[in-house]
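# Chains, contacts and geometry: an overview
Below, each chain spelled out in residue letters.
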Amino acid sequence: MAISIGGGGDDDEVISAINTTPLVDVMLVLLIIFLITIPVATHTVKVSLPKDTNQPSKVLPGNVTLAVTADGQTWWDQTPLRDHADLMARLDKVVRQQPQPQIMIRGDASARYEPVGKLVAACQEAGVTRVDFITEQPHAN
């Protein structure tokens, strides 16, 4: 008496069917994760953003140019500013003028953001109504 294990001897059949059940399971899990996380990721507060009005500034004789050099030194037109009190005293004089002159800030491309941010904050603190940034037009290649 002989015992046959494996289904009958010399029949070496290749199973050519792919088991797609694990793939379907993974895809369903990913689908559920995306369905849960997408509404959370796209939820934002509705605000009305300002429109870009890139208009060239007109340099008028009464306008004030504040400059920040690469090393962080701040200038009032051609005069270096000593400290924050010096800047605030000059801005207070500007705020009292009618019409109020335009403040134009020029920041060196390699300057840190901090001195430029301090100038903007000082202008806001003093009550300046119009602050512009002077930039260069990109070169057309």
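Whatever comes next refers back to the structure up there.
Residues numbered from 1 in each chain as written. Predicted model: local features only at pLDDT ≥ 70, side-chain atom pairs only at ≥ 80, totals over all residues. Heavy atoms only, no water.

### A short note on the overall build of the chain
Broken down by element type, the chain carries 3 helices and 5 strands. Put simply, the chain runs from its N terminus to its C terminus through helices and strands in the order α-β-β-β-α-β-α-β. Scored against the burial criterion, the 141 residues of the chain give a buried share of 21%. Summing over all exposed atoms, the chain offers an accessible surface of approximately 12,100 Å²; the carbon and sulfur share of this is 58%. (Helix = DSSP H or I, 4+ residues; strand = E, 2+ residues; numbered from the N terminus. Buried < 20%, exposed > 50% of the residue type's maximum accessible area, 1.4 Å probe, protein only. Areas by Shrake-Rupley, 256 points an atom, 1.4 Å probe, with all protein chains shown as cover.)

### Considering the nonpolar core
One finds L66, W76, L87, L91 and I103 to be the most contacted residues of the largest nonpolar core, which totals 18 residues. Elements with a minimum of two residues in this core: β1 (64-68), α2 (84-96), β4 (103-107) and α3 (113-126). A total of 5 residues in this core trace back to one element, the largest contributor, which is α3. Among all residues touching L91, those that are not within four sequence positions of it are W76, I103, A122, C123, A126 and V128. (Core = buried A, V, L, I, M, F, W, Y, C linked by side-chain atoms within 4.5 Å. Contact = heavy atoms within 4.5 Å.)

### What about a nonpolar patch on the surface?
A cluster of nonpolar side chains, contributed by L23, V26, M27, V29, L30, I33, F34 and I38, occupies part of the molecular surface with about 740 Å² of accessible area. With respect to the element layout, L23 can be found in helix α1 (residues 21-42). You can call L23 exposed: its relative accessible area is 52%. (Patch = residues over 30% accessible without salt bridge, like charges linked within 9 Å, V, L, I, M, F, W, Y side chains within 5 Å. Salt bridge = Lys/Arg side-chain N within 4 Å of Asp/Glu carboxyl O.)

### Overview of α3
Taking 1.5 Å of rise per residue, the 14 residues of α3 would be expected to cover 20 Å, and the 20 Å separating its terminal C-alpha atoms lies within 8% of that figure. Within the sequence span of α3, burial applies to P115, V116, G117, L119, A122, C123 and A126. As for α3, its buried residues are in contact with β1, β2 (74-76), α2, β4 and β5 (131-134). Immediately beyond the C-terminal end of α3, within one or two residues, lies G127, with a positive phi of roughly 100 degrees. (Expected span 1.5 Å × (residues − 1).)

### Remarks on the side chain of T74
Looking at the element boundaries, T74 is found in strand β2. When neighbours within four sequence positions are excluded, T74 is seen to be in contact with A67, V68, P80, L81 and L119.

### Considering unusual backbone geometry
With an omega dihedral of -5 degrees, the bond running from Q98 to P99 counts as a cis peptide bond. Note on placement: P99 falls in the loop between α2 and β4. Of note, D77 is a non-glycine position whose phi angle comes to about 50 degrees, a positive value. Here D77 shows up in the loop between β2 and β3 (79-80).

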